[in-house]
Amino acid sequence: MSVHDLLLAPFSYEFMRRGLLSAVLLGASGGLLGCVLVLRRLALMGDALSHSLLPGVAVAWLLFGTSTSALFFGGLVAGLLTALGSALLSRLTRVKEDAAFGSLFIVFFGMGVALISKLPTRINLADFLFGNVLGVGASDLRLAGAVSAGTVALFAIFYRSILLETFDPVFHRATGGRGGLVHLGFLTLTVLNLVAAMQTMGIVLALGLFLLPAVSAYLWCDRFISMLLLSVGLAIGGSVVGILVSFHAGLASGASIVLCLGAAFLVSVLFSPRYGALRGLRLGSARPPAA
Amino acid sequence: MRMPRLLAALGLAAAACGAQGAQTPPLRVVTLTTVLSEIAREVGGSHVSVVGLVQPGVDPHTFNPSPADIRAVADAEVVLASGLSLEAYLDRLVAGSGSSGRVVAVGDALPEAVAMAGVPGAGERDPHWWHSLDCMLIATDIVRAEFAKARPAAAADFSANAEAYQARLRGLKAWAAAEIGRLPPNRRHLVTSHDAFGYFARDYGFEVHAISGLSTDSEADARHLAGLIDLIRRERIPAVFAEDSANPRLVENLVRETGVRLGATLYADGLGPPGSGAETYDSMYRHNVRAIVDALSAR
């Protein structure tokens, strides 16, 4: 097999180019967002948020059918209700935010499962969880492009606030930073990116694209900016390799991208020179310092 | 939706009792697909009350029974399932309900002569037997025999009803054969969302090229999709089809990439909802045949 057959021929198909482009676009914004989620210990919150989108999508499908914008807004409403609802619960009641999140997302996910199992929608759980990166349409691409560009722009504009709020929220707030607003902004951005990714990739792949590159980058980098860049690079590289593996090996495409990102994570976990498991074992019980 | 129908059936039964004195109550039948509901109602007539658990438009591959469904199964005297592993939940449902009723997996009872062999290598068998009219004719007989066993007194009525229904199925078969006869054999390629039309293809000499496998659950891969695109171009296949209970995204991408026509949406996994024009077996089958012939015969 020549280099052309291996790397270029698969992309003579339009669906391959579309799938790749949408993965690259969302990988760029997800790679950025993932770093903040990982550093602020919100990784599991992303997982919770993603599941809570289901009832919104199901209701939107029932009311408006397959239109991309309807599904987008359905998911957005459900995700924001979960995020804002748990923020509100944690302020008004004794319940802490993580518990509020954990409870709300389960209720939402349950509602979604009940809806799609009883109502005649053309969504099934497998589509929602794993999507299909080979079914990306023109409107999906426009959506992914807009969300990705918006996320990257916001990171560029508010880089300083994000940096401060991520590493030293107390200092940030003491110096007049709007910490609550930045936090809410993160939640909204996460929901936006998840919803944009959900329709084409499903939420599992979307989370893989957000978290795996960020965790891997965390194991190699000490500076925030280099972690951001490496994370985006890994997300994009993993998407390209994953789609090619899917093409040549005949594997499901979403799973194949996640597995490539997972391989990068595994390599990082084992071989990272300063924070990897092998080094940890060599040094005995001494815990590697945190970044 | 289910309750009024049940009440109506009870009302009917009460009326029948009034007319004929102390009579046996209607046979309680639960069905797991919309097609079997129709067969049961047609064959059973006023002697049975039919509760269909899977509503039209709901994907039977991924259906999940609710407690109310389990209770209906527990009460049933006869449970009609499609069989051939379409209802992956069947064993759990029956065991969980503690039903003492008779469970008939109609597809499993089909004789070798009309049933399709397993997919080579996979060992899976195609559960979509109702797309073959020969299977429908035999399925009607299977249901008739089960009903007659449960209510021997009404056996003559069941036979008469079954024969009337089978006569209509034969009429449909003749119509379909004539209709598809208009399509030259080299046009008989069926590109669909999932592999649901194996029986249809066997009966009318089509070749099926499905995007995903026998269940709507299986996911397509890039190489397979690329192969389909090459095939559509090579064989100059004029149209592809989406299905009513499957996500149409991949089919839409095939259309965009190859410029083929998108045929009318096919009913792959059961009857259509009220108002769809495919709410009976006859109208569902005619819809599918017309959609396929129209889309594939156009230049």
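Since we're looking at a predicted model, the values are computed, not measured.

Draft legend 1. Fine view of the overall build of chain A. A tally of regular secondary structure across chain A gives 14 helices and 0 strands. Element order for chain A, N to C, with α for helix and β for strand: α-α-α-α-α-α-α-α-α-α-α-α-α-α. Relative to the compact-globule value of 19 Å for 291 residues, chain A shows a C-alpha radius of gyration of 19 Å, a close match. In terms of principal-axis extent, the alpha carbons of chain A reach across some 55 × 50 × 35 Å. Out of the 291 residues belonging to chain A, those deemed buried represent 46%. For chain A, the proportion of contacts with a sequence separation of at least 24, taken over those separated by at least 6, is 71%.

Draft legend 2. Here's a closer look at helix α11 (residues 281-297) of chain B. Residue and element names in this part refer to chain B. Taking 1.5 Å per residue as the helical rise, α11 with its 17 residues ought to reach 24 Å, and the 24 Å between its terminal C-alpha atoms agrees with that figure. All of the buried residues in α11 are Y281, M284, Y285, N288, V289, I292 and L296. In a view along the axis of α11, the buried residues occupy a sector of 125°, so they form one face of it. Tucked inside the fold, the buried residues of α11 contact α2 (34-44), α7 (155-181), β5 (189-194) and β7 (239-240).

Draft legend 3. Fine view of the pairing of strand β4 (residues 102-105) of chain B. All names here are of chain B. As paired strands, strand β3 (residues 78-81) and β4 are joined by 4 bridges and run parallel to one another. By the bridge assignment, V79 is partnered in β4 with V103. Read as a crossover between parallel neighbours, the route from β3 over helix α4 (residues 90-97) to β4 is right-handed.

Draft legend 4. Highlighting the domain arrangement of chain B. Residues and elements named next belong to chain B. By domain assignment, chain B separates into domain 1 (2-170) and domain 2 (182-297). The interface of domain 1 with domain 2 comprises 21 residues on the first partner and 22 residues on the second. The element best represented in the side of domain 1 that touches domain 2 is α2, accounting for 3 residues. For the side of domain 1 that touches domain 2, the class distribution of residues is 8 nonpolar, 8 polar and 5 charged.

Draft legend 5. Quick peek at the nonpolar core. If you look at the biggest cluster of nonpolar residues, it comprises 167 residues, and the most contacted ones within it are L194, V195, A206 and A214 of chain A together with V29, A40 and L80 of chain B. No other element matches the 22 residues that helix α11 (residues 179-218) of chain A contributes to this core. Of the residues that make up this core, three or more belong to each of domain 1 (2-170) and domain 2 (182-297) of chain B.

Draft legend 6. Expanded view of the packing of α2 of chain B against helix α6 (residues 133-150) of chain B. All names here are of chain B. Where α2 contacts α6, the two axes come as close as 10 Å, and the packing angle between them is 55°. By the angle class used here, α2 and α6 are oblique. In the packing of α2 onto α6, the handedness of the crossing is right-handed. Judged by residue contacts, I39, A40, V43 and G44 of α2 engage A139, T140, V143, R144 and F147 from α6. Broken down by class, the residue content of the contact of α2 with α6 amounts to 6 nonpolar, 2 polar and 1 charged.

Draft legend 7. Up close: the sheet that holds strand β2 (residues 48-52) of chain B. Residues and elements named next belong to chain B. Sheet architecture is open: 4 strands sit in the order β2-β1-β3-β4, paired in parallel fashion. Either end of the sheet is taken by a strand with one partner, and the two such strands are β2 and β4. The mean inter-strand angle of the sheet, taken between neighbouring strand axes irrespective of direction, is 20°. In this structure, strand β1 (residues 27-31) lies alongside β3, joined through 3 bridges in parallel fashion. Residue pairing for β3: T31 is matched across the bridge by L80.

Draft legend 8. Structural context of the packing of helix α12 (residues 224-249) of chain A against helix α13 (residues 253-271) of chain A. Residue and element names in this part refer to chain A. Running from amino to carboxyl end, α12 crosses α13 at an angle of 130°, the nearest separation of the two axes being 8 Å. Taken together, the axes of α12 and α13 are oblique relative to one another. The handedness of the crossing between α12 and α13 is right-handed. In this structure, α12 uses L234, G238, S239, V241, G242, I243, V245 and S246 to contact α13, whose residues at the interface are S253, S256, I257, L259, C260, L261 and A264. Taken together, the residues of the contact of α12 with α13 break down into 9 nonpolar, 6 polar and no charged.

Draft legend 9. Broad picture of unusual backbone geometry. All names here are of chain B. You will see that L84, though not glycine, has its phi angle at about 55°, which is positive. Checked against the element boundaries, L84 lands in the loop between β3 and α4. Residue classification places L84 among the buried residues on the basis of 21 C-beta atoms within 10 Å.

Draft legend 10. Quick look at the interface of chain A and chain B. At the interface, 27 residues of chain A touch 29 residues of chain B. Elements represented by at least two residues in the side of chain A that touches chain B include exactly α2 (14-39), α7 (125-130) and α12 of chain A. Taken together, the residues of the side of chain A that touches chain B break down into 14 nonpolar, 10 polar and 3 charged.

Draft legend 11. View of the environment of H287 of chain B. Residue and element names in this part refer to chain B. On the secondary structure map, H287 appears in helix α11. Along the primary structure H287 and A178 are separated by 109 residues, whereas in three dimensions their C-alpha atoms are 15 Å apart. Not counting chain neighbours up to four residues away, the residues in contact with H287 comprise Y267, G277 and A278.

Rules and cut-offs
- Residues numbered from 1 in each chain as written.
- Chains lettered and ligands numbered in written order.
- Predicted model: local features only at pLDDT ≥ 70, side-chain atom pairs only at ≥ 80, totals over all residues.
- Helix = DSSP H or I, 4+ residues; strand = E, 2+ residues; numbered from the N terminus.
- Rg over C-alpha atoms; globule rule 2.2 N^0.38 Å.
- Buried ≥ 20, exposed ≤ 12 C-beta atoms within 10 Å, placed from the backbone.
- Contact = placed C-beta atoms within 7 Å.
- Expected span 1.5 Å × (residues − 1).
- Arc of directions from axis to C-beta.
- Pairing = 2+ DSSP bridges.
- Right-handed = clockwise from strand over helix to strand, strands pointing away.
- Domains from an automatic or database assignment.
- Nonpolar A, V, L, I, M, F, W, Y, C, P; charged D, E, K, R; others polar.
- Core = buried A, V, L, I, M, F, W, Y, C linked by C-beta atoms within 7 Å.
- Axes fitted to C-alpha atoms, helices over the stretch in contact; angles between N-to-C directions.
- Parallel < 35°, antiparallel > 145°, perpendicular 65-115°, else oblique.
- Left-handed = near helix turned anticlockwise from the far one by under 90°.

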